Amino acid sequence: MLNKIITLNEYIAHKQKDFSYATGELSGLLQDIALAAKIVNREINKAGLVNILGATGSSNVYGEEVKKLDVFANDQFIRSLRTSGECCGVASEEEESFIAFENEKAKKAHYVVCMDPLDGSSNIDVNISIGTIFGIYRRKSKVSDICNLDDFLQKGRELVAAGYVIYGSSTMLVYSAGGKVNGFTLDPSLGEFCLSHHDIKIPKKGKIYSINESYKNSFSKSVNEFVEYCKTEDKATNRPYSSRYVGSMVTDFHRNLIKGGIFMYPALRNHPNGKLRLLFEGCPMAYLVEKAGGRATTGYTDILDVQPTGVHQRVPIFIGSEDMVEKVEAFIQKYESVSSL
Ligand code: AHM
Ligand code: MG
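Thresholds, definitions, all that
Residues numbered from 1 in each chain as written. Chains lettered and ligands numbered in written order. Predicted model: local features only at pLDDT ≥ 70, side-chain atom pairs only at ≥ 80, totals over all residues. Heavy atoms only, no water. Disulfide = S-S within 2.5 Å. Buried < 20%, exposed > 50% of the residue type's maximum accessible area, 1.4 Å probe, protein only. Helix = DSSP H or I, 4+ residues; strand = E, 2+ residues; numbered from the N terminus. Salt bridge = Lys/Arg side-chain N within 4 Å of Asp/Glu carboxyl O. Pairing = 2+ DSSP bridges. Contact = heavy atoms within 4.5 Å. Axes fitted to C-alpha atoms, helices over the stretch in contact; angles between N-to-C directions. Phe/Tyr/Trp six-rings, centres within 6.5 Å; stacked < 30°, edge-to-face > 60°. Donors = N, O, S within 2.8 Å, 3.2 Å for Na, K, Ca; no water. Near = heavy atom within 4 Å. Polar contact = N/O pair within 3.5 Å; in protein donor to acceptor, adjacent residues only side chain to side chain. Nonpolar A, V, L, I, M, F, W, Y, C, P; charged D, E, K, R; others polar. Parallel < 35°, antiparallel > 145°, perpendicular 65-115°, else oblique. Left-handed = near helix turned anticlockwise from the far one by under 90°.

Colleague: Would you explain the state of the cysteines in this entry?
Modeller: Defined simply, a disulfide is a covalent bond joining two cysteines at their sulfur atoms. The full count for this structure, using the stated rule, is zero disulfides. With no disulfide of its own, Cys88 lies 4.4 Å from the sulfur of Cys147, the closest cysteine sulfur. Free of any disulfide, Cys114 has its nearest cysteine sulfur in Cys283, 8.2 Å distant. Since its relative accessible area comes to 0%, Cys114 is described here as buried.

Next up, the structure:
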């Protein structure tokens, strides 16, 4: 039996009434992000041709400067959000400070976006999947004013929508606007994202652990013990688990979301907050995983309950299947209670 194709735009339009503030603005914003993602996808697909078309930083055959893809993606998303009329400002991993849009249309908009335009971009040169991550908040400042820092320093619990795009063997957009988590696969022949993964739920018990084990000597005792636990044979829990680490968070997260597992970027000896950013990577992914039935924690606090104090704040992350996240938390908290005796 053939199923009817449902495009992202159709789906968003159909679901608009379910959004908390159903004015169509959030729908429009999601559609703008999807359109910008298609443009970025087109450039990423050409990445391998860079030596033919012109190296990064030089001119291509058309005499245009070839931008680095992460710069291209950043510019593309910001341009699209600036002119959308639904977004009053953006904080991007590529920008030192947040950008407040000053045009009249943008000042009247209700939403701000926090995003990592191209996460894992060091993987582009070797043809490995990368992604865009975004989180959408309702502004705190007065409509018609220019947005301010407080609009961005909101806890993940305040998110009204979040998602990611994975530029992989196929390109997918996965998002939730408070309800289900749905995945849409880009059909390149139609140029449309089509609903392919309805109501994604992460398996409660995972079998995969993802961590950069080369930092072992910088991990806490508890994290190392959890990793050993994952490797230990135990028929009852179906261990050892498989180790999978791409080094591209969206890719590692996406696989674990579908198959069940945990992704970890913990505190390191010289980096007590790890590497990943709370607003750009932590909160949007934590929001999605919770909507899909999983969990995300710093080891002590749910990621969504961490109060941001700066746009580039980093945070240790343990995210994925509920049972695995609970287990690592138990390891971490066991040592905390011993050290506090
Ligand atoms: P980026 O935002 O500079 O691309 O860095 C984030 C990426 C994640 O996608 C990935 O999980 C992590 O960095 C890998 O870091 P490491 O090489 O330290 O394991
Ligand atoms: Mg990043």
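Colleague: Would you take a moment to explain the environment of Lys4 for this structure?
Modeller: For Lys4, the location among the structural elements is in the segment before α1 (8-15). For Lys4 and Leu195, which are 191 residues apart along the polypeptide, the C-alpha to C-alpha distance reads 9.8 Å.

Colleague: Help me understand the pattern of salt bridges in this model?
Modeller: For side chains of opposite charge, pairing can occur when their charged atoms come near one another. Across all of its chains, the model carries 18 salt bridges by this definition. Between Arg157 and Glu290 there is a salt bridge; the shortest N-O distance is 2.9 Å. Taken together, the residues Arg157 in the loop between α6 (149-152) and β5 (161-167) and Glu290 in helix α9 (residues 278-291) connect sequence positions 133 residues apart. According to the relative accessible area criterion, Arg157 is partly exposed, its value standing at 40%. Of the residues examined, Glu290 reaches a relative accessible area of 26% and is grouped as partly exposed. Among the charged side chains, a salt-bridge network with shared partners connects Arg157, Glu290, Arg295, Asp302, Asp305 and Glu329.

Colleague: I would appreciate a short explanation of the sheet that holds strand β13 (residues 317-320) in the present structure.
Modeller: Whether parallel or antiparallel, the strands of a sheet pair through hydrogen bonds between backbone atoms. With mixed pairing, five strands are arranged side by side in an open sheet as β10-β9-β11-β13-β12. Two strands close off the open sheet at either side, each with one partner strand: β10 (242-243) and β12 (295-297). The sheet contact formed by β12 and β13 spans three bridges and is antiparallel. In the strand pairing of β13, Arg295 is matched with Gly320. Running over the sheet, helix α7 (residues 221-231) touches β9 (208-210), β11 (261-265) and β13 and is turned about 150 degrees from β9.

Colleague: Looking at this structure, how should I read the packing of aromatic side chains?
Modeller: To describe a pair of aromatic rings, one takes the distance between the centres and the angle between the planes. Counting across every chain of the model gives 10 aromatic pairs. Ring plane angle 70 degrees and centroid distance 5.9 Å describe the contact between Phe226 and Phe331, whose orientation is recorded as edge-to-face. One end of the pair, Phe226, is in helix α7; the other, Phe331, is in helix α10 (residues 322-339), and 105 residues separate them in sequence. Of the two residues, Phe226 and Phe331, neither departs from the other in class, the shared state being buried. Between Tyr229 and Tyr241, the ring centres sit 6.4 Å apart and the planes meet at 75 degrees, which makes this aromatic pair edge-to-face. Taken together, the positions of Tyr229 in helix α7 and Tyr241 in the loop between α7 and β10 put the pair 12 residues apart, joining distant regions of the chain.

Colleague: Explain the coordination of the magnesium ion (ligand 2) to me, please; I cannot follow it from the model alone.
Modeller: Ideal geometry at a metal centre: 109.5 degrees between donors when four sit tetrahedrally, and 90 or 180 degrees when six sit octahedrally. Coordination sphere of the magnesium ion (ligand 2), protein contribution only: Glu93 (OE), Asp116 (OD), Asp119 (OD) and Glu281 (OE), at 1.9 to 2.5 Å. Counting the intervening residues between successive donors of the magnesium ion (ligand 2) yields the motif E-x22-D-x2-D-x161-E. Highlighted residues: Glu93 in the loop between β1 (87-92) and β2 (99-100) and Asp116 in strand β3 (residues 111-119), separated in sequence by 23 residues. Residue Asp116 is classed as buried on the basis of its relative accessible area, which comes to 0%.

Colleague: Just checking my understanding: could you explain α9 for this structure?
Modeller: Helical periodicity: at 3.6 residues per turn, an α-helix aligns residues three or four positions apart in one direction. Extensive coverage of α9 is indicated by the burial of 12 of its 14 residues. Buried residues of α9: Leu278, Leu279, Phe280, Glu281, Gly282, Cys283, Pro284, Met285, Ala286, Tyr287, Leu288 and Val289, and no others. Immediately downstream of α9, the backbone of Gly293 shows phi near 95 degrees, a positive value.

Colleague: I'm lost on helix α8 (residues 249-259) in this one. Help?
Modeller: Most of α8 sits out of view: nine of its 11 residues are buried. Within α8, burial applies to Met249, Val250, Thr251, Asp252, Phe253, His254, Arg255, Asn256 and Leu257. Downstream of α8 by a residue or two, Gly260 has a phi angle that is positive, lying close to 95 degrees.

Colleague: Explanation requested: the site of ligand 1 in the structure shown.
Modeller: In the vicinity of ligand 1 there are 16 residues, among which Asp119, Tyr215, Tyr245, Met249 and Tyr265 approach most closely. The backbone of Met249 places a nitrogen or oxygen atom 2.6 Å from an oxygen atom of ligand 1. Listed by contribution, the elements that provide at least two residues to the shell around ligand 1 are β3 and β11. Class assignment for the residues of the shell around ligand 1 results in six nonpolar, five polar and five charged.

Colleague: I'm lost on the pairing of β5 in this one. Help?
Modeller: Along any regular strand, the residues point their side chains to alternate faces of the sheet. Counted residue by residue, β5 has seven buried out of seven residues, so it is predominantly covered. Across the two faces of β5 the burial is the same, with Ala161, Gly163, Val165 and Tyr167 and Ala162, Tyr164 and Ile166 all buried. Taking the residues that link successive antiparallel strands as the turn, the β5-strand β6 (residues 171-176) hairpin has three residues.

Colleague: Help me understand the packing of α8 against α9, please; the structure alone is not making it clear to me.
Modeller: Packed helices, taken two at a time, are described by their axes: the angle between them and the distance between them. Packing of α8 against α9 brings their axes to within 12 Å, and their N-to-C directions diverge by 10 degrees. Considering the angle they form, α8 stands roughly parallel to α9. In the packing of α8 onto α9, the handedness of the crossing is right-handed. Across the interface between the two elements, Met249, Val250 and Phe253 of α8 pack against Glu281, Met285, Leu288 and Val289 of α9. Class assignment for the residues of the contact of α8 with α9 results in six nonpolar, no polar and one charged.

Everything listed here is a matter of geometry and, on its own, says nothing about what the molecule does.
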